[in-house]
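Okay, here's what each chain looks like letter by letter:
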Amino acid sequence: MISLRLGAADLTRIRFGSRPHPVGTAILASQALRDPVVAARMPVLAARAQAASASTAALRHLLPARGLLPDFLTPLHGIESVAAGIESIMATPRRRITAELTETYAKLPPSLWRRRFVAADPQILELLTRAVDRYFEAVLAPSWSQLTAAHRGHVEHRSRTYARSGVDGLLNELHPSIRWRPPILEIDSWWSAELTGTGEGVLLIPGPLAGLRPRVLVRPGQPVLLVYPVDPPPESPPTRHDPLAQLLGATRAAVLRHLGEPGRHTTTTVSRLAGISVSSASEHTAALRGAGLVDSERVGGAKVHRLTPLGIHLLAGDASPTRG
């Protein structure tokens with residue numbers, strides 16, 4: 001049990017994450033979907049994770065199957081893209097990596113890779129981050145718009161709770177494993193501690209792929225990060241393959257599908273929805289434009305993208321379960 005004492009400065013600065021963190025979600029999902037209970041609730045993502053297991057094996061070996069994860073792998077910064085999140089991980093001081101991994105590995109059998117990871121070996125860090133990138137691409141990218149929409153819906157619902165019932169109502173309704181006994185927030189997590197808020201507020205992150213228990217990160221000078229489980233968004237029935245992704249690649253197919261959704265689509269909004277960097281979004285839209293699937297024009301300071309008739313025709317025949 002974690003007992004988190006929150007002061008007035010924390011309670012007056014409670015807020016929600018603006019959207020799911022691509023790398024943080026990938027790290028949590030790579031552990032959560034190994035749990036049969038979570039996998040049964042999200043069979044489409046679980047099937048994708050299994051299909052990608054060969055190229056993401058480093059995640060399974062370097063991270064425990066359940067329980068405590070090193071905090072530096074779920075960074076507060078780098079929310080704008082996978083590349084930015086990986087950059088945040090790579091910038092972690094060696095001393096912090098060693099300290100957090102030593103605690104994480106306390107009950108796991110040693111191995112050469114784990115010993116090198118504890119020593120912050122750059123080659124092992126690169127191996128891990130490459131696996132994170134592949135995991136996001138294969139498992140999460142096709143459903144990123146669904147996960148983002150579910151996040152927005154949950155935040156809107158909890159915001160109404162806050163408006164109606166204040167801080168007490170909000171904190172008491174987050175999750176059955178979280179209890180608010182002012183000024184203590186009791187959290188049934190994977191570890192036990194008595195903690196004090198930082199005075200920088202509390203950042204609430206609803207996570208359908210957070211696993212079975214809430215997670216807490218308290219670091220000086222930063223808001224308390226509280227990730228708590230929520231119900232997953234509805235999934236379409238799994239299929240054997242995604243023809244559009246086979247044709248274009250999973251990320252480029254996701255970009256094309258986002259462009260087929262209502263609204264104004266700039267390079268920046270495409271990058272946010274697809275969980276990729278702005279430069280990567282620019283590359284993908286340029287490739288789709290070169291294939292005659294997308295038109296782009298500069299409006300003010302932004303480049304706006306829309307599907308061509310050929311792109312609309314291609315999506316009209318798209319039977320992929322990842323739409324929506």
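As a reminder, the structure under discussion sits directly above these lines.
I will try to describe carefully the structure that is included in this document. Keep in mind that this is a model prediction, so the values were computed, not measured.

1. Regarding the overall build of the protein
Assigned secondary structure in the protein consists of 15 helices and eleven strands. A compact globule built from 324 residues would reach a C-alpha radius of gyration of about 20 Å, and the protein, at 20 Å, matches this within 12%. Along the longest, intermediate and shortest principal axes, the C-alpha atoms of the protein span 60 × 55 × 40 Å. Taken over 324 residues, the protein has a buried fraction of 52%. In the protein, the share of contacts with a sequence separation of at least 24, taken over all contacts with a separation of at least 6, comes to 69%. Surface summary for the protein: the accessible area is close to 15,000 Å², and the carbon and sulfur share equals 55%. If you average the places of the 37 positive and of the 26 negative side-chain charges in the protein, the two averages end up 2 Å apart.

2. Observations concerning the packing of helix 4 (residues 43-51) against helix 9 (residues 122-140)
The geometry of helix 4 relative to helix 9 is characterised by a closest axis approach of 8 Å and an angle of 135 degrees between their N-to-C directions. By the angle between their directions, the pair helix 4 and helix 9 is classed as oblique. Here the hand of the crossing between helix 4 and helix 9 comes out right-handed. Counted together, L45, R48 and A49 of helix 4 and Y135, A138, V139 and L140 of helix 9 form the full contact between these two elements.

3. A few points about the nonpolar core
Counting residues in each nonpolar core, the largest one holds 48 residues, and the members touching the most others are L33, F117 and L140. No other element matches helix 9, which puts nine residues into this core. For F117, the residues in contact, after removing those within four places along its chain, are L62, F72, I97, L101, Y105, I124, L125 and L128. If you look at the next biggest cluster of nonpolar residues, it comprises 23 residues, including L174, L204, L226 and V230.

4. Here's the deal with the side chain of H265
As for its placement among the helices and strands, H265 is situated in strand 9 (residues 265-266). Of the polar contacts made by the side chain of H265, one reaches the backbone oxygen of H258; its length is 3.2 Å. Those residues in contact with H265 that sit more than four places away from it in its chain are H258, L259, V270, K303, V304 and H305.

5. Focus on the sheet that holds strand 9
Spatial strand order, 9-11-10: three strands in an open sheet with antiparallel pairing. At either end of the open sheet lies a strand with only one pairing partner, and these are strand 9 and strand 10 (294-299). Bridge count for strand 10 against strand 11 (residues 302-307) is six bridges, and the pairing is antiparallel. By the bridge assignment for strand 11, V299 is matched with A302. Contacts between helix 12 (residues 250-259) and the sheet are confined to strand 9, strand 10 and strand 11, with strand 11 contributing the most and set at about 90 degrees to the helix.

6. What about the environment of F117?
Tracing the backbone through its elements, the reader meets F117 in helix 8 (residues 112-118). On the accessibility criterion, F117 (0% relative accessible area) is buried. Along the sequence, F117 and L101 sit 16 residues apart, while their C-alpha atoms lie 7.8 Å from each other.

7. So, unusual backbone geometry
Here the residue pair P182 and P183 is connected by a cis peptide bond, since its omega of 0 degrees sits within 30 degrees of zero. Its place among the elements puts P183 in the loop between strand 3 (178-181) and strand 4 (184-187). Even without being a glycine, A120 presents a positive backbone phi close to 60 degrees. Its place among the elements puts A120 in the loop between helix 8 and helix 9.

8. With respect to the sheet that holds strand 6 (residues 202-207)
Backbone-to-backbone hydrogen bonds pair the strands of a sheet. The strands run either parallel or antiparallel. Taken together, four strands build an open sheet; the order of strands is 2-6-8-7 and the sheet is mixed. Of all the strands in the sheet, just strand 2 (14-16) and strand 7 (215-217) have a single pairing partner and so form its edges. Within this sheet the neighbouring strands show an average axis-to-axis angle of 20 degrees, counted without direction. Inspection of the sheet shows strand 7 paired to strand 8 (residues 224-229) by three bridges, in the antiparallel sense. Of the residues in strand 8, the one forming a bridge with V216 is L226. With respect to the sheet, helix 10 (residues 144-172) is in contact with strand 2, strand 6 and strand 8, its orientation differing from that of strand 2 by roughly 165 degrees.

So, how was this worked out
Residues numbered from 1 in each chain as written. Predicted model: local features only at pLDDT ≥ 70, side-chain atom pairs only at ≥ 80, totals over all residues. Heavy atoms only, no water. Helix = DSSP H or I, 4+ residues; strand = E, 2+ residues; numbered from the N terminus. Rg over C-alpha atoms; globule rule 2.2 N^0.38 Å. Buried < 20%, exposed > 50% of the residue type's maximum accessible area, 1.4 Å probe, protein only. Contact = heavy atoms within 4.5 Å. Areas by Shrake-Rupley, 256 points an atom, 1.4 Å probe, with all protein chains shown as cover. Lys, Arg positive; Asp, Glu negative; His and termini not counted. Charge placed at Lys NZ, Arg CZ, Asp CG, Glu CD. Axes fitted to C-alpha atoms, helices over the stretch in contact; angles between N-to-C directions. Parallel < 35°, antiparallel > 145°, perpendicular 65-115°, else oblique. Left-handed = near helix turned anticlockwise from the far one by under 90°. Core = buried A, V, L, I, M, F, W, Y, C linked by side-chain atoms within 4.5 Å. Polar contact = N/O pair within 3.5 Å; in protein donor to acceptor, adjacent residues only side chain to side chain. Pairing = 2+ DSSP bridges.

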